[in-house]
Amino acid sequence: KLSRQAMEANPLNIGFCPYVVFLYEAAGQRGVIVVGYRVPTATAKSSKATRAALAAVDRMLGEIIREAVK
């Protein structure tokens, strides 16, 4: 649903797909796990619809990360 909203706002938003979630053990810091995601960032020239759609994707990815690290 969110991907479709982003593409309907602007077909160029397909460049944010696939959404990226990552985790890794920090080099030289055994046991330190880094978890994050690539933030889909709108530009100042982005339409209101694009900004809203990407903000929704950002919220979703943040929720996934917060749930994963509980």
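You'll find the structure just up there.
Heads up: these notes are all about the structure in this document. (Residues numbered from 1 in each chain as written. Predicted model: local features only at pLDDT ≥ 70, side-chain atom pairs only at ≥ 80, totals over all residues. Heavy atoms only, no water.)

1. Observations regarding the pattern of salt bridges
Move 1: According to the stated counting rule, one finds two salt bridges in the structure shown.
Move 2: Note that arginine 4 and glutamate 8 form a salt bridge whose closest N and O atoms lie 2.7 Å from each other. Of this pair, arginine 4 and glutamate 8 both sit in helix 1 (residues 2-9), four residues apart, which is roughly one turn of the helix. The burial state of arginine 4 is the same as that of glutamate 8; both residues are exposed.
Move 3: Between lysine 70 and glutamate 67 there is a salt bridge, and its shortest N-O distance comes to 3.3 Å.
Move 4: For lysine 70, a relative accessible area of 79% puts it in the exposed group. (Salt bridge = Lys/Arg side-chain N within 4 Å of Asp/Glu carboxyl O. Helix = DSSP H or I, 4+ residues; strand = E, 2+ residues; numbered from the N terminus. Buried < 20%, exposed > 50% of the residue type's maximum accessible area, 1.4 Å probe, protein only.)

2. Let's talk about the packing of helix 1 against helix 2 (residues 48-68)
Move 1: For the pair helix 1 and helix 2, interaxial distance at closest approach is 8 Å and the crossing angle is 155°. Here helix 1 is positioned roughly antiparallel relative to helix 2, judged by the angle of their axes. The way helix 1 lies across helix 2 gives a crossing that is left-handed. Here Leu2, Gln5, Ala6 and Ala9 of helix 1 lie close against helix 2, whose contacting residues are Ala49, Thr50, Ala53, Leu54, Ala56, Val57 and Met60.
Move 2: Partitioned by chemical class, the residues of the contact of helix 1 with helix 2 number nine nonpolar, two polar and no charged. (Axes fitted to C-alpha atoms, helices over the stretch in contact; angles between N-to-C directions. Parallel < 35°, antiparallel > 145°, perpendicular 65-115°, else oblique. Left-handed = near helix turned anticlockwise from the far one by under 90°. Contact = heavy atoms within 4.5 Å. Nonpolar A, V, L, I, M, F, W, Y, C, P; charged D, E, K, R; others polar.)

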